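Chain by chain, the residues:
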Amino acid sequence: MTAAASLVLTLLLGLGLVGLGRAVGARSLPLAWVVGWTVLWWITALAATVAGPRFGAGTGLVAAGAGLVVWALRSQRRRWELLLGTGAVLAGAPFFLAPPYFYDALVYHLGLPWSWLANGSFAPVTHNLFSHFPLAGETVYLLPVSLGLPRAAAGLHWLTFVLVLVAAWELARRLGAQGWAWIAPLCLVACWHAVWVAGVAGVDHLVVLAIVVAAIELIGTGDEGVKVLSGGVALGLALATKYVAVIPAGAVLAGAVVSSPTRWRDAVKAGLLGAGLASFWYLRNLLLTGNPVYPLLWKVFGGTGWTARDAARWNGLVHEGVGGLGSFWNGLVKLGSSGAGLGPWLAIAVVLAVVALVRGRRRRAIEGVAVAAVLIVGGWLATAHTTRYALPLIPLAGALAAAGVERLSRGARRVAVAGLLLAAGFGLVLFGQFIAGTLHMPEMWFGRVSSEGWRHRVTLNDPMPGYRAAGRLLPPGAKLLVIGEGRSWGCPRPNSVSSPYDTQLVQTVIEDAATAADAARTLHAAGWNDLFINWRELRRLHRKFGVFVFRDPADGARWRELIDGFTTRIWHSDGLEIRRLVSLPPAGGRESAARP
């Protein structure tokens, strides 16, 4: 029943998003999705800020319902859109109906909506930098999470990917690809990373769709010029979804100027409009921390709750592998690799893009898209070499490749198309190997293992057994301080979960305390009576992220004394513990009497 409800909710929310876009005049399906998502996240975020996340979720559901009514009454292609939506939902169901397992989703894409509901607050979470990020995607995901159907969030991401395919085809036609426009979506299918991430509760394809729509609207073809309003809305959604979206957004604006040099003011207006539409998150950060892009650019803005030690550790982690001219070459090699990159199709697409630049029918538009693509590559090479951050490049490169194929001779065209088809087939094989060999999804599909057993198997140092124990053992109002675990998803009580990039909340308490007893009193005074510790994950984060690296040995000794002398174990299993702080007399009293 849950799976069926998730499928239905995915389809209804998707049609509601389209309807919201149509209500304000968006005609094409990808543009309507982008506009509808923008409208929905703004409504939900404002309501959640004013009256709490549950009210925000309810308001968002009402708005989505209104959009569904608009779609039913005003869409001129209802039957086609319903068939497309139903087919897309059914095609993606084997992937997005899997229990939530994607680490980033458990930390923030789903974890933050869950925490907002558990804590009854839409405000950023202390010691969790992800809660300060642009969260347009997560805000909409609050709706299915509030209904207990988180898989519908992954379903919305899958539908977004399907619309990326449609938008890539549309961009290719704008560039003159004509009957060969299908090459552009083929390039997306050729990247196994793009297909896999589409089936999880992420936001990567929301950025990709916004960037492709912005390119369609802003990079003029023929006499169309720049469409300021729709292009600005698309840029705004990208900037409201991820910080790193500033790179492809800026690249598209540069491409718009190249394609229509006399209309550069329109491109500037679109950029300003986009910044304004995304401003909710940046203004909130500015008011709460003093840094609009918290915790980025810490040396420029500073930021309450972030320290020089945090900034140094963050920069060392997110810029790993990036530095010096050598990293640019390594990045290019990785970008075209089949395993960790976008895939070998990219090399063929580059050659075809050159053909389009030299012989293409719509030179201005092709030049604009090519400039955007080159700038996206340059920005990616100069920052973190994370494959998902390069996904906005694929539809642009694919559209250029399609325009190049259209201008080839018959023989050369056959060779190029055959090469792209082989590359796409190879990408799908890699996708299948990952799904079957790494994730073992067929074992769940064919009933050889339960969905819960599968989820536990693929979840590293799974905290869920401990969270379920907390739900059984702790009273509803208990506050749970989570230690050594960045995944808040599933925590059944009001909680504080520090991200792997932040200094753990309990660590700051220990380092600021004179004794372990003082640390225990500070935690008690803040309302933390119960501690949840994932020891295995804590050791992993210590090695990989530098979590729980104390300033001096005395701090580490106080931590051990706090656990051994001022807490009692109430549950443990397989590296997971729930411990209760022992009540202490006021400072100056006899501490030894209070110890177990």
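Conventions used here
- Residues numbered from 1 in each chain as written.
- Predicted model: local features only at pLDDT ≥ 70, side-chain atom pairs only at ≥ 80, totals over all residues.
- Heavy atoms only, no water.
- Helix = DSSP H or I, 4+ residues; strand = E, 2+ residues; numbered from the N terminus.
- Rg over C-alpha atoms; globule rule 2.2 N^0.38 Å.
- Buried < 20%, exposed > 50% of the residue type's maximum accessible area, 1.4 Å probe, protein only.
- Contact = heavy atoms within 4.5 Å.
- Areas by Shrake-Rupley, 256 points an atom, 1.4 Å probe, with all protein chains shown as cover.
- Lys, Arg positive; Asp, Glu negative; His and termini not counted.
- Charge placed at Lys NZ, Arg CZ, Asp CG, Glu CD.
- Salt bridge = Lys/Arg side-chain N within 4 Å of Asp/Glu carboxyl O.
- Pairing = 2+ DSSP bridges.
- Axes fitted to C-alpha atoms, helices over the stretch in contact; angles between N-to-C directions.
- Disulfide = S-S within 2.5 Å.
- Core = buried A, V, L, I, M, F, W, Y, C linked by side-chain atoms within 4.5 Å.
- Parallel < 35°, antiparallel > 145°, perpendicular 65-115°, else oblique.
- Left-handed = near helix turned anticlockwise from the far one by under 90°.
- Polar contact = N/O pair within 3.5 Å; in protein donor to acceptor, adjacent residues only side chain to side chain.
- Nonpolar A, V, L, I, M, F, W, Y, C, P; charged D, E, K, R; others polar.

(A) The arrangement of the overall build of the protein chain in detail. Counting its regular elements, the protein chain contains 29 helices and five strands. Against the 2.2 N^0.38 benchmark of 25 Å for 596 residues, the protein chain shows a C-alpha radius of gyration of 25 Å, consistent with a compact globule. For the protein chain, the C-alpha atoms occupy an extent of roughly 90 × 55 × 50 Å along the three principal directions. Counting across all 596 residues of the protein chain, residues that qualify as buried make up 58%. Taking as baseline every contact in the protein chain between residues at least 6 positions apart, the subset at least 24 positions apart corresponds to 73%. Working note: accessible area of the protein chain is about 23,200 Å², and carbon and sulfur atoms make up 64% of it. Counting 52 positive and 30 negative side-chain charges, the protein chain places the centres of these two groups 9 Å from one another.

(B) Molecular detail of the pattern of salt bridges. Overall, the coordinates contain 24 salt bridges when judged by the stated rule. Here Arg407 ties to Glu406 by a salt bridge, and the two come within 3.8 Å at their closest N and O atoms. Judged by its relative accessible area of 24%, Arg407 falls in the partly exposed class. In this structure, Asp518 engages Arg521 in a salt bridge whose closest nitrogen and oxygen atoms are separated by 3.3 Å.

(C) Spotlight on the sheet that holds strand β5 (residues 576-581). The five strands are arranged β2-β1-β3-β5-β4 in an open sheet whose pairing can be described as mixed. For this open sheet the edge positions go to β2 (495-497) and β4 (567-573), each flanked by a neighbour on one side alone. Averaged over neighbouring strand pairs, the angle between their axes works out to 20 degrees when direction is ignored. Looking at chain direction, strand β3 (residues 530-534) and β5 are connected through five bridges and run antiparallel. If you follow Asp530 over to β5, its bridge partner there is Arg580.

(D) Representation of the state of the cysteines in the model. Evaluated as defined, the whole model comprises zero disulfides. Among the cysteines around Cys191, which has no disulfide bond, Cys187 carries the closest sulfur, lying 10 Å off.

(E) Quick look at the nonpolar core. Counting residues in hydrophobic clusters, the biggest one holds 212 residues, and the most contacted among them are Trp196 and Trp345. It is helix α8 (residues 151-174) that contributes the most residues to this core, 14 residues altogether. Among residues more than four places away in sequence, those in contact with Trp196 are Tyr101, Phe102, Phe431, Phe434, Ile435 and Leu439.

(F) Structural context of the packing of helix α1 (residues 2-23) against helix α4 (residues 78-96). Interaxial distance between α1 and α4 falls to 10 Å at its minimum, and their mutual angle equals 135 degrees. Considered as vectors, α1 and α4 are oriented oblique to each other. Considering how the two elements wind past one another, α1 and α4 form a crossing that is right-handed. Across the interface between the two elements, Leu7, Thr10, Leu11, Leu15, Val18 and Arg22 from α1 touch Glu81, Leu82, Gly85, Thr86, Val89, Ala93 and Phe96 from α4.

(G) Expanded view of the side chain of Asn291. Locating Asn291 in the fold gives a position in the loop between α15 (279-289) and α16 (298-301). Of the residues examined, Asn291 reaches a relative accessible area of 0% and is grouped as buried. Within the structure, the side chain of Asn291 is placed 3.0 Å from the backbone nitrogen of Val293, a separation counted as a polar contact. Aside from chain neighbours lying at most four places away, what touches Asn291 is Asn285, Leu286, Leu296, Leu297, Trp298, Phe301, Gly302 and Gly303.

(H) Representation of the packing of helix α2 (residues 29-51) against helix α12 (residues 228-239) within the structure. Following both chains from N to C, one finds α2 and α12 inclined at 60 degrees, their axes separated by 9 Å at the closest point. Our classification of the angle between α2 and α12 gives oblique. Of the two elements, α2 crosses α12, and the hand of that crossing is left-handed. In this structure, α2 uses Leu31, Val34, Val35, Trp37, Thr38 and Trp41 to contact α12, whose residues at the interface are Ser230, Val233, Ala234 and Leu237. In the contact of α2 with α12, the residues fall into eight nonpolar, two polar and no charged.

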